[in-house]
Amino acid sequence: QVQLQQSGAELVKPGASVKMSCKAFGYTFTTYPIEWMKQNHGKSLEWIGNFHPYNDDTKYNEKFKGKAKLTVEKSSSTVYLELSRLTSDDSAVYYCARRGTTVVAPYFDYWGQGTTLTVSS
Amino acid sequence: DILLTQSPAILSVSPGERVSFSCRASQSIGTSIHWYQQRTNGSPRLLIKYASESISGIPSRFSGSGSGTDFTLSINSVESEDIADYYCQQSNSWPITFGSGTKLEIK
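Figured I'd write up the structure that's included with this text.

## Re the side chain of D90(A)
All names here are of chain A.
In step 1: Within the secondary structure layout, D90 lies in the loop between β8 (78-83) and β9 (92-99).
In step 2: Its relative accessible area of 6% is what places D90 among the buried residues.
In step 3: Among residues more than four places away in sequence, those in contact with D90 are K38, K67, R85, L117 and V119.

Here is the structure:
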């Protein structure tokens, strides 16, 4: 069955970078884009961007350009989210999700369990 | 960016009652709205896609309606397991945005 497995919680110092992963199981990896969302504690969700493993196409929310970078390792069906120049505002839970359609106007049908990032000295 | 306004912030209902969640978009988005449930310490779960289309494995008591700017998620006969936050999400235009959520409490 379809599963997205995310890497474990991270504790990182301000100013540093972090790279978290999302490994896909149970479907043809190159068929659907992987999307990333940020959820501050007790708050709603923000869309960060997406990566399409078929053609390496990426799209970012303007708000996260310069902060987030998406990459892929196709051999292991894994998409990575790297966040740079971390501040306390980056402390949140980060989710990856599979886009549930190959056309535009996407919804997200499978979600990872989330990676908790804490930025603290 | 398209703003999605969900109201109210908290809904409190008794088991067996019908409940409706509202989501209003800042501009017309057709039926490009999707609904998610998020239980405490859990990941979001897709409930409804494209305003009213059902999702395999989701109980039939969940339904959606609306088009344009006003959308509604309904639960027909609430159960205790429905305690969660509910979010709407639009995919009419980039960036994708989510509503602020409505928390469902059971009396």
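## Remarks on the interface of chain B and chain A
In step 1: Listed by partner, the interface residues are 19 residues for chain B and 23 residues for chain A.
In step 2: Where chain B abuts chain A, roughly 1600 Å² becomes buried across the two surfaces, and 63% of that area is made up of carbon and sulfur atoms.
In step 3: The three residues of chain B that bury the most area against chain A are P44(B), W94(B) and F98(B), which together make up 34% of that side's buried surface.
In step 4: In this assembly, chain B and chain A are joined by twelve residue pairs in polar contact (both at pLDDT 80 or more).
In step 5: Of all elements in the fold, only β4 (33-38), β5 (45-49) and β9 (84-90) of chain B reach the threshold of two or more residues within the side of chain B that touches chain A.
In step 6: Sorting elements by how many residues they give to the side of chain B that touches chain A places β4(B) first, with three residues.
In step 7: Per-class residue counts for the side of chain B that touches chain A are nine nonpolar, nine polar and one charged.

## Overview of the layout of surface pockets
In step 1: In this model, the largest pocket occupies a volume close to 560 Å³.
In step 2: If you trace the largest pocket, you find 29 residues lining it, with Q39(A), G42(A), Q38(B), N41(B) and D85(B) closest to the centre.
In step 3: Looking at the lining of the largest pocket, the elements with two or more residues in it are β9 and β11 (115-119) of chain A together with β9 and β11 (102-106) of chain B.
In step 4: Per-element tally for the lining of the largest pocket: the top contributor is β11(B), with four residues.
In step 5: For the lining of the largest pocket, the class distribution of residues is nine nonpolar, 15 polar and five charged.

About the criteria used
- Residues numbered from 1 in each chain as written.
- Chains lettered and ligands numbered in written order.
- Predicted model: local features only at pLDDT ≥ 70, side-chain atom pairs only at ≥ 80, totals over all residues.
- Heavy atoms only, no water.
- Helix = DSSP H or I, 4+ residues; strand = E, 2+ residues; numbered from the N terminus.
- Buried < 20%, exposed > 50% of the residue type's maximum accessible area, 1.4 Å probe, protein only.
- Contact = heavy atoms within 4.5 Å.
- Buried area = accessible area lost by both parts, 1.4 Å probe.
- Polar contact = N/O pair within 3.5 Å; in protein donor to acceptor, adjacent residues only side chain to side chain.
- Nonpolar A, V, L, I, M, F, W, Y, C, P; charged D, E, K, R; others polar.
- 1 Å grid on protein atoms, 1.4 Å probe; cavity = no way out; pocket = protein on both sides within 12 Å on 5 of 7 lines; lining within 4 Å.
- Points joined across faces, edges and corners; volume = space filled by probe spheres on them.

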